[in-house]
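Summary of the model geometry
So the chains spell out like this:
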Amino acid sequence: MDTDKFLSEIWGALKLFLDPKTQILADERNLAVLLAADAENFDRFMALKEFRDILHALGLKANIYSLQCAQLGAINALKSAKISKSKLLAALEILQTENIISAAHFSRLAAFLRSLSADLTAGNEQEGSNFKKSDVFHQKIDALNDICERILSLNPHAHVANAAAKARQKARELEFNVAVTGVINAGKSTLLNALLGKKILGASNVPETVNLTVLKYSPEPFAKVNFWSEAELKELGIAQDQDNEIAQIYGGLGVKFESKTAKNLNVKFNADGDEAEAKFQSPDAEQICSDQPASKTVKTGEIKLYTSADSKYAKFVKSVELYENLELLKDNVRIIDTPGIDDAVAAREELVRRFMRECDLMVHLMNVSQSATQKDLDFIVSSLQNSHAVKLAVLLTHADVLKEGELNEVAAYAKKSVEERTRELGIGAEFFAVSAKSYFEGGQNSGVEEFKQYLYETLFGPSSQKSCLGIEAYKKELGRVCAQFAADTQSDILKLTGSNLSLSQKLAELNEQKAALASHLEDVRDAAKEELERLDTAKTAASYELGLRSLAQTLKQRIADDVSYSAAKKQKIDPQRLARIAQTTIKDGVVVLMRQNRNEIVQQITACTQNIALKFGEFEGKTAAAKVFSINDYLQSRGINLECIEVADAVAGAANSGAQGVSEAAKLAAEEFLGAQRIKNFVFELSEFEKSEFKQRIEAALKDKEKALAISEEALKNELAKLAQTSGRDSRELERLNSQSEALNAINLELQSV
């Protein structure tokens, strides 16, 4: 059906004459709302302010002529491949689900849109885009989305439709994380503004904020300010006598900084007393700023009230999330703008390192005037060792301040320095000289466009490991959906035709399914084994042993300080006090070290889990580690007692031997206690424990698959028992099913070629 005929059908006598060359580019969700309008619902839609706002945002008037122009423009944009058909169909499906349009109207719209073919010639790109959208990832995702839509258009049974929709949703939610690092004043904010094409991040010689900022996509801009939890504030040394300042963050005064119920919070922190309007959000409904940090959603322009250098709330801010409708962020790209790596706050630096562990690409900025410093090199190596990043890009910023010869000399030095330090990590580095200043002034050789292209190629090109895994997982899921749909179709055909297919033949097919499942399960086990073999706990164990040695030294210093203090005050040495100091230092210190190293081991296991989920999508969410883990319970199960009575006795016995004597006795006793195999072997034993737990979770998931096949086998036997009694009932239904079977075969062949 051509476009003019389609518009005539939905508008009837109200159809107007329009310029056939009209094109409209906008977010697919907004265009879907406009396309949903027709002669029957026009008055109802136009009465809605939100509908009129969409037209106004496109520079159109709120009347029937402008609406039809927008519809024609959207259709032409789709035919020119300047907007996504799959996203448009998905948005229309949401409108149907929410009963904004009828199922019949959705079917008519979907059938027309699916019939459209692209008129776009090779090489044509979306206007205003900074990227080449003809990359392998998006081509394949669009192809798989179209296949998914075709499967759904055949009206499969609910379990097949749900599986297809879940596979599509999972592909949509695949995130790509880019971490931007560098020393303070390396030019991170300015460069990000150039990449994003919009000046949304502050930049000056004196940083306005040292908070970690995460940029994400949203059709409507807003921001979320995340605050430190109560425990974190204590660690940062921020006193609780500043409760009024904390309360003001949420719009109230005089609220004590302590745990309360969410109900009390909504009442006290809302200036108008309207619980429905409360701004406070917390992952834990029963606590305020306790284990979990609080957050507050604000307008983008209000961020400075919380993060600027002169804001009294700045010290409470942990991180900021900026949501913007920007091209670079549309494909689930998250950009993490880190504070300067020379940040003096240890807790904030650890927060940065946690984000680094999740990044796919690390972009490190160096000012050409002070590039490749020891701090830069150490941070790059440390971050790459503790992250999943497979690529590193080094950007020399402010390139415009140097002449070409000087710039080449600096670039050569930086490249040599970085490659010497990263060679053993096996991660390649790309180097770019960029000038955001030149870019904003319209310069031709700013280096920004070149880096944009590299960024897009790295995330979505054919060599991107994550995008390839995501595509392969999506493809496998759709393959399983097609197989199940085909099996359902054949089962329905058998019911109608009363097939005389022998039991032995059906059982042979079932045995083939069993063999295929056995092979599949073996692949999963092999993949899990490979993931575990790649785990490297040697560095974790070395770090743990170093911490134990440091703990003995810490105890020595604490005992010496306490004895010296008593001597200075001419107080009698209290052996029992020294014994308690020894026990507390050892016990608390060991538990902290164990918890830190357990977290490191769990993070490595989590990476294994994520890789398994990407390769075998059906196991997602079934192999996650248990969230509740008690170090004390684990130690008790291993018969490990941290009361260290022998250390306490040694310290108490040497209490009167002077500061040096008692502290040395404490150190020797602590070293002997901490050197015991039951404590030294903690990292090794815990890693083996976590590996065992991981294997058990994998095996449990595999058992579920085998159980599902057993259920199918039982159902098959029941169906076979009825076959002899089944006869043909509906020839038209049989014809539809045969046609559906042929369509599925064609879809499956197309799927294999993606």
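Look above for the structure.
Small disclaimer: the values here were computed from a predicted structure and weren't measured.

1. As for the packing of helix α2 (residues 28-35) against helix α5 (residues 64-79)
Two elements in contact, α2 and α5, have axes whose closest approach is 9 Å; the angle formed by their N-to-C orientations is 125 degrees. If you check the angle between α2 and α5, you find them oblique. Crossing of α2 against α5: the hand is left-handed. On α5, the residues touching Leu 31, Leu 34 and Leu 35 of α2 are Leu 67, Ala 70, Gln 71, Ala 74 and Ile 75. When the residues that make up the contact of α2 with α5 are grouped by side-chain class, the tally is seven nonpolar, one polar and no charged.

2. A few points about helix α16 (residues 374-385)
An ideal rise of 1.5 Å per residue puts 16 Å on 12 residues; α16 measures up with 17 Å between its terminal C-alpha atoms. Every buried residue belonging to α16 is among Asp 376, Leu 377, Phe 379, Ile 380, Val 381, Ser 383 and Leu 384, and all of these are buried.

3. Regarding the environment of Lys 296
Looking at the element boundaries, Lys 296 is found in strand β5 (residues 295-298). A C-alpha to C-alpha distance of 5.2 Å links Lys 296 and Val 225, two positions 71 residues apart in sequence. Engagement of the side chain of Lys 296 in a polar contact is seen with the side chain of Tyr 306, the distance being 3.1 Å.

4. What about the packing of helix α22 (residues 538-568) against helix α23 (residues 575-615)?
As a packed pair, α22 and α23 sit with axes 10 Å apart at the nearest point and diverge in direction by 160 degrees. One finds that α22 runs roughly antiparallel with respect to α23. Taken as a pair, α22 and α23 cross one another with a handedness that is right-handed. Classifying every residue of the contact of α22 with α23 by side-chain character gives 14 nonpolar, seven polar and four charged.

Criteria and cut-off values
- Residues numbered from 1 in each chain as written.
- Predicted model: local features only at pLDDT ≥ 70, side-chain atom pairs only at ≥ 80, totals over all residues.
- Heavy atoms only, no water.
- Axes fitted to C-alpha atoms, helices over the stretch in contact; angles between N-to-C directions.
- Helix = DSSP H or I, 4+ residues; strand = E, 2+ residues; numbered from the N terminus.
- Parallel < 35°, antiparallel > 145°, perpendicular 65-115°, else oblique.
- Left-handed = near helix turned anticlockwise from the far one by under 90°.
- Contact = heavy atoms within 4.5 Å.
- Nonpolar A, V, L, I, M, F, W, Y, C, P; charged D, E, K, R; others polar.
- Expected span 1.5 Å × (residues − 1).
- Buried < 20%, exposed > 50% of the residue type's maximum accessible area, 1.4 Å probe, protein only.
- Polar contact = N/O pair within 3.5 Å; in protein donor to acceptor, adjacent residues only side chain to side chain.

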